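Spelled out from the first residue to the last, the chains are:
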Amino acid sequence: QVHLVQSGGGLGQPGGSLTLSCTSSGFINDYYTVAWFRRTPGKEREKVSCITMSDGNLYYTDSVKSRFTISKDNAKSTVFLQMNSLKPEDTGVYYCAAGSVVCSAYTPAVQLEYWGQGTLVNVSE
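Residues numbered from 1 in each chain as written. Predicted model: local features only at pLDDT ≥ 70, side-chain atom pairs only at ≥ 80, totals over all residues. Heavy atoms only, no water.

Caption draft 1: Representation of the state of the cysteines. Under the counting rule described, the total for this entry stands at two disulfides. Paired through a disulfide, Cys22 and Cys96 show a sulfur-sulfur distance of 2.1 Å. Here Cys22 and Cys96 share a disulfide; its torsion about the S-S bond, 70°, makes the bridge right-handed. With Cys22 in strand β3 (residues 18-24) and Cys96 in strand β9 (residues 92-99), this residue pair connects regions lying 74 residues apart in the sequence. (Disulfide = S-S within 2.5 Å. Helix = DSSP H or I, 4+ residues; strand = E, 2+ residues; numbered from the N terminus.)

Caption draft 2: Geometry of the pattern of salt bridges. For the coordinates displayed, the defined rule picks out four salt bridges. Between Glu46 and Arg38 there is a salt bridge whose closest N-O contact spans 2.9 Å. The salt bridge involving Asp90 is made with Arg67; its shortest N-O contact spans 2.8 Å. Remark: Arg67 occurs in the loop between β6 (58-60) and β7 (68-73) and Asp90 occurs in the loop between β8 (78-83) and β9; sequence separation between them is 23 residues. Of the residues examined, Asp90 reaches a relative accessible area of 1% and is grouped as buried. The class of Arg67 is buried, set by a relative accessible area of 7%. Beyond isolated ion pairs, a larger network of salt bridges with shared partners links Arg38, Glu46, Arg67 and Asp90. (Salt bridge = Lys/Arg side-chain N within 4 Å of Asp/Glu carboxyl O. Buried < 20%, exposed > 50% of the residue type's maximum accessible area, 1.4 Å probe, protein only.)

Caption draft 3: Summary view of the nonpolar core. One finds Trp36, Phe68, Leu81, Met83 and Tyr94 to be the most contacted residues of the largest nonpolar core, which totals 25 residues. Within the residue set of this core, elements represented by two or more residues are β3, β4 (33-39), β5 (46-52), β7, β8, β9 and β11 (119-123). Residues within four places of Met83 in sequence aside, it is in contact with Gly16, Ser17, Leu18, Leu20, Arg67, Phe68, Tyr94 and Val121. Ranked by size, the runner-up nonpolar core spans nine residues in total, among them Ala35, Tyr59, Cys103 and Leu112. (Core = buried A, V, L, I, M, F, W, Y, C linked by side-chain atoms within 4.5 Å. Contact = heavy atoms within 4.5 Å.)

Take a look at the structure:
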């Protein structure tokens, strides 16, 4: 059984930075993809980024490209989301999710079997 535990997030200022972490307490093999989703006010759930643990294949949604960086530490079964140049529209609840699928722009949430508890990110002055 895979259990994802999130940490990080909280209050950030516009232009500032926050880091989210997602650690698996169970076994995530190299064929898993870990993704970050967010639910922002007034919008549907959005896939922000994902990474495949084996080859580091990456995806970013357009709105976070060049601002957010996803990375992994396979030894610690942890995936990070470094969020720079924060904007108020980044405010929302962020979830990590994992599944035995390939990371791509088309990786759907329904194929990700395991989900973290969610972390609030609030970007405001």
